[in-house]
Structures are given as structure tokens and as C-alpha cells.
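Next come the chains, spelled out residue by residue.
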Amino acid sequence: MTIKTMINKKRPFIGVIGPGKCSGKMKEQAELLGRAIAEHGGILVCGGLGGIMEAAAKGAKEKNGMTIGIIPGDDKSEANKYIDIVIPTGIGEARNLVVIRTADAVVALPGKFGTLSEMAFCMKLGKPLVSLSAWDISDKIVRLEDPVKAAVKALELAGSKA
């Protein structure tokens, strides 16, 4: 299947947010999340760099999923090796807003202030948000502990926003 064919099916874009540096356990969760997003027909959107972003993209690629990385810099080579489509923004951390605007629904893993800013953008824009132990900032966030259930819920929420 070509990239053009995959995009033309209007599959949901699921954002995955979290830190660029994380523990092995968090990487495992992100890989499971990425696999489940791909297995259930979603396209993974992330910041395109390391840590959670790379692990989720790796998981998606293991299931032949499509990945989009919206990177902060101008150089496409900065993206991790699991990204299919690299979008170099050249706008630094402001790219967090682009990640959220691109996604139909978002799954957040525990992170610091970059993750918090992305979660806040979700709340401000009314984007569906699923948390895997990330910041507790609103009762409107769906909280789940299982990455596979989080992926399925995000896909369900993305469908309801279409």
C-alpha cells in the first residue's frame, strides 16, 4: 500500500506525546501504544525525535503502520529512523501546537513541561485526550493504565470528532 493510498483513506491521526528521554519501562509502554495504534488503523503523529516519540513510532512500524514526525528544527535528518513523513517546522518548541492541531485525538505519557504544554493545547482546542499516568490537569481527560486500551480509546474518540 502506498503512502498516498493510506492517507486517502482518511484514517485517524493519533498523537503520542511524552518526553524525549525516558525509562525503559516507559519506552515499552510507548511501543505497545504505537503497535496498537497501527493495528487498529490509526496513523501515529508525534514530535519525531527520541524517547517516547521514537518508541511509539518503532511500535507502529513493527505493525506496518504509518508515522508522521513534526520536528522542531529545519533538518529532516533529525527525525528518528521510524518516521515515514518528516515535517521540519523550524519553530522549536512551538511545534508542540502543530502536533496537537494535526492529531484527531492524543495519548499522553508522563513527561515534563513540554508534555504539559501539549496537554494544555488539547484542553484549549477541545481535542480528545487519553492519559497513561501523565499530568492530572482536568476531569475531561480519559485516564487509562493499559497502552492498548489507550490506543483503542483514542481511536474511538478520534472517530467521534470526525
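Above this text you will find the structure in question.
Reference entry: report on the structure contained in this document. Model, not experiment: these values are computed from the prediction.

When helices and strands are tallied, the protein shows 6 helices and 7 strands. Secondary structure elements of the protein occur, N-terminal to C-terminal, as α-β-α-β-α-β-β-α-β-α-β-β-α. Relative to the 2.2 N^0.38 estimate, which gives 15 Å for 162 residues, the radius of gyration of the protein is 14 Å and therefore close to what a compact globule would have. The C-alpha extent of the protein, read off along each of the three principal axes, is 40 × 30 × 30 Å. Buried positions account for 47% of the 162 residues belonging to the protein. Look at the contacts in the protein between residues 6 or more apart in sequence, and 56% of them connect residues 24 or more apart.

The next point concerns the pattern of salt bridges. A full pass over the atoms with the stated rule returns 7 salt bridges. Between R35 and E62 there is a salt bridge whose closest N-O contact spans 2.5 Å. Here R35, found in helix α2 (residues 24–39), pairs with E62, found in helix α3 (residues 52–62); they are 27 residues apart in sequence, far enough to count as distant. Overall, the relative accessible area of 22% leaves R35 in the partly exposed class. For E62, a relative accessible area of 39% puts it in the partly exposed group. A salt bridge links K61 to D84; the shortest N-O distance between them is 2.9 Å. Separated by 23 residues along the polypeptide, K61 in helix α3 and D84 in the loop between β3 (67–71) and β4 (85–88) bring together distant segments of the chain. Salt bridges linked by common partners bring E31, R35, K58 and E62 together as one network.

Criteria and cut-off values
Residues numbered from 1 in each chain as written. Predicted model: local features only at pLDDT ≥ 70, side-chain atom pairs only at ≥ 80, totals over all residues. Heavy atoms only, no water. Helix = DSSP H or I, 4+ residues; strand = E, 2+ residues; numbered from the N terminus. Rg over C-alpha atoms; globule rule 2.2 N^0.38 Å. Buried < 20%, exposed > 50% of the residue type's maximum accessible area, 1.4 Å probe, protein only. Contact = heavy atoms within 4.5 Å. Salt bridge = Lys/Arg side-chain N within 4 Å of Asp/Glu carboxyl O.

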